[in-house]
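Listed below are the residues making up each chain.
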Amino acid sequence: LTLEFDLRRALQRGELALHYQPKVLLASGATVGCEALLRWTHPRLGQVSPELFIPVAEDAGLINQLGAWVLRESCSTAVAWNAGATQPRKVAVNLSARQIQASGLVAQVKEIVSETRCKPQWLEFEITESLLLDEDGVAVKALQALRDMGATIAIDDFGTGYSALSYLARFPIDTLKIDKSFIHSATTDHFRAELIKAILSIARCLNQEVVAEGVETPEQADFLAAEGCQLAQGFLFSKAVPREQLLGMFGA
Ligand code: G
Ligand code: G
Ligand code: MN
Ligand code: NA
């Protein structure tokens, strides 16, 4: 309850910040996109993880307000980052299950995109795979509408959820983000390494982009590059950085 009170206050007092983790080309290390990640510096507790406060925001009915703030920040960063760019530089925005199931999401995205003059092509939405199980559900319809606008859809934490390969064929997904737990054991666990190769092979067949998450060592990066993975995020390259720092980073 107290965290809920504090979160309301945080929204008003500007204690929240959006940081951006670069997404890089493994071949060159060049930054070609990024993922927006919420940061909250609590006046007494210090850094509070979004893993902790997103569920609080959801239960308190604050997630729409928080989501709108994240999207507005992300769009305005995308506009600045894409000024003069020849290739679209995408900002990936995380959406929780509750956000996608809420009825106003698509209208909210349309409004903010138009208000900030952000091209939907500069946005990617990250969701978790369990949302796709309900084919005729609200979530899948919302994702379809976002895609029709020109945004792309990524499956976050791929491999950790209720992975049903059938949904990959049924639903148009643009990007698979391989969960960091796979990447961390790729160079020590033969079985995990083979699974990563299988994921890369499926993605090639379905024309999907793959992003390896949580790359921390050169050995992991070398393994991924050798297996044909083109894109990665992780502490080896950069943690999430403030907007000003992101704007100085690009390679394409
Ligand atoms: O940022 P960190 O490295 O601690 O992320 C922890 C979790 O919080 C991740 O699962 C991430 O997807 C989620 N998260 C971070 N920022 C946002 C956000 O803006 N919206 C939502 N819904 N989740 C976020
Ligand atoms: O669930 P999602 O993929 O959105 O979460 C991203 C989370 O992963 C964030 O909390 C981010 O800070 C964290 N992260 C990013 N790069 C690395 C990394 O190289 N290693 C680890 N352990 N975590 C990372
Ligand atoms: Mn994510
Ligand atoms: Na992830």
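Here, every reference points to the structure presented above.
These remarks concern the structure in this document. As the structure is a computational prediction, the values presented were derived from the model and not from experiment.

**Some points on the coordination of the sodium ion (ligand 4)**
Bound to the sodium ion (ligand 4) are the protein donor atoms Asp156 (OD), Asp157 (OD), Glu213 (OE) and Glu213 (OE), situated 2.0 to 2.8 Å from the metal. For the sodium ion (ligand 4), the six donor atoms in the first shell make angles of 49 to 166° at the metal, a pattern classed as irregular. Binding-site remark: the sodium ion (ligand 4) is held by donors from one chain whose sequence spacing is D-D-x55-E. A distance of 4.3 Å spans the gap from the sodium ion (ligand 4) to the manganese ion (ligand 3), which Asp156 bridges by coordinating each metal. Highlighted residues: Asp157 in strand 6 (residues 152–158) and Glu213 in the loop between strand 8 (209–212) and helix 10 (218–226), separated in sequence by 56 residues. Its relative accessible area of 26% is what places Asp157 among the partly exposed residues.

**Observations regarding the site of ligand 2**
Taken together, 15 residues form the shell around ligand 2, and within it Gln21, Asp156, Glu213, Glu216 and Phe235 come nearest. At 3.0 Å from a nitrogen atom of ligand 2 is found a side-chain nitrogen or oxygen belonging to Gln21. Contacts to ligand 2 include Glu35, whose side-chain N or O atom sits 3.0 Å from an oxygen atom. Starting from 520 Å² of accessible surface for ligand 2 in isolation, the protein chains cover 75%. Where the shell around ligand 2 is concerned, the elements lending two or more residues are strand 2 (31–42), strand 6 and helix 8 (180–185). Tallying contributions element by element places strand 2 first for the shell around ligand 2, with three residues.

**Digging into the coordination of the manganese ion (ligand 3)**
Protein coordination at the manganese ion (ligand 3): the donors are Glu35 (OE), Asn94 (OD1), Glu126 (OE) and Asp156 (OD), at 2.1 to 2.5 Å from the metal. For the manganese ion (ligand 3), all donor residues lie on one chain, and their spacing in sequence is E-x58-N-x31-E-x29-D. The partly exposed category is assigned to Asn94, whose relative accessible area is 27%.

**Some details on the packing of helix 3 (residues 63–82) against helix 5 (residues 105–116)**
Across the interface, helix 3 lies against helix 5 with an axial gap of 9 Å and an inter-helix angle of 35°. The chirality of how helix 3 crosses helix 5 is right-handed. In this structure, helix 3 contributes Asn64, Gly67, Ala68, Leu71, Arg72, Cys75 and Val79 to the contact, and helix 5 contributes Gln108, Val109, Ile112, Val113, Glu115 and Thr116. Classifying every residue of the contact of helix 3 with helix 5 by side-chain character gives seven nonpolar, four polar and two charged.

**What to know about the pattern of salt bridges**
Where side chains of opposite charge bring their charged atoms close, a pairing between them can arise. For the coordinates displayed, the defined rule picks out 12 salt bridges. In this structure, Arg9 engages Asp6 in a salt bridge whose closest nitrogen and oxygen atoms are separated by 3.8 Å. Of this pair, Arg9 and Asp6 are both found in helix 1 (residues 2–13), three residues apart, which corresponds to roughly one turn of the helix. Via salt bridges that share partners, Glu35, Glu126, Lys177 and Glu213 belong to a single interconnected network.

**Let's talk about the site of ligand 1**
Neighbouring ligand 1 are Leu37, Leu38, Arg39, Ser49, Pro50, Ile54, Val70, Asn94, Ser96, Gln99 and Asp156. A distance of 3.1 Å separates an oxygen atom of ligand 1 from a polar side-chain atom of Asn94. For ligand 1, a nitrogen atom lies 3.0 Å from a polar atom in the side chain of Gln99. When the free accessible area of ligand 1 is taken as 510 Å², the share hidden by the protein chains comes to 75%. Elements with a minimum of two residues in the shell around ligand 1: strand 2 and helix 2 (50–59). It is strand 2 that provides the largest number of residues to the shell around ligand 1, a total of three residues. Of the residues in the shell around ligand 1, the class split is five nonpolar, four polar and two charged.

**Observations concerning the packing of aromatic side chains**
Using the criterion set out here, one finds one aromatic pair in the structure. Centre to centre, the rings of Trp40 and Phe53 are 5.4 Å apart; their planes meet at 90°, and the pair counts as edge-to-face. Remark: Phe53 occurs in helix 2 and Trp40 occurs in strand 2; sequence separation between them is 13 residues. Of the two residues, Trp40 and Phe53, both sit in the buried class. Sitting above the plane of the Phe250 ring, Arg89 keeps its charged end 3.9 Å from the centroid. Above the face of the Phe182 ring, Arg192 is positioned so that its terminal group lies 4.9 Å from the ring centre.

Here is what the cut-offs are and how they apply
Residues numbered from 1 in each chain as written. Chains lettered and ligands numbered in written order. Predicted model: local features only at pLDDT ≥ 70, side-chain atom pairs only at ≥ 80, totals over all residues. Heavy atoms only, no water. Donors = N, O, S within 2.8 Å, 3.2 Å for Na, K, Ca; no water. Tetrahedral: all angles 85-135°; square planar, octahedral: opposite > 155°, others 65-115°. Helix = DSSP H or I, 4+ residues; strand = E, 2+ residues; numbered from the N terminus. Buried < 20%, exposed > 50% of the residue type's maximum accessible area, 1.4 Å probe, protein only. Near = heavy atom within 4 Å. Polar contact = N/O pair within 3.5 Å; in protein donor to acceptor, adjacent residues only side chain to side chain. Areas by Shrake-Rupley, 256 points an atom, 1.4 Å probe, with all protein chains shown as cover. Axes fitted to C-alpha atoms, helices over the stretch in contact; angles between N-to-C directions. Left-handed = near helix turned anticlockwise from the far one by under 90°. Contact = heavy atoms within 4.5 Å. Nonpolar A, V, L, I, M, F, W, Y, C, P; charged D, E, K, R; others polar. Salt bridge = Lys/Arg side-chain N within 4 Å of Asp/Glu carboxyl O. Phe/Tyr/Trp six-rings, centres within 6.5 Å; stacked < 30°, edge-to-face > 60°. Lys NZ or Arg CZ within 6 Å of the ring centre and 35° of its normal.

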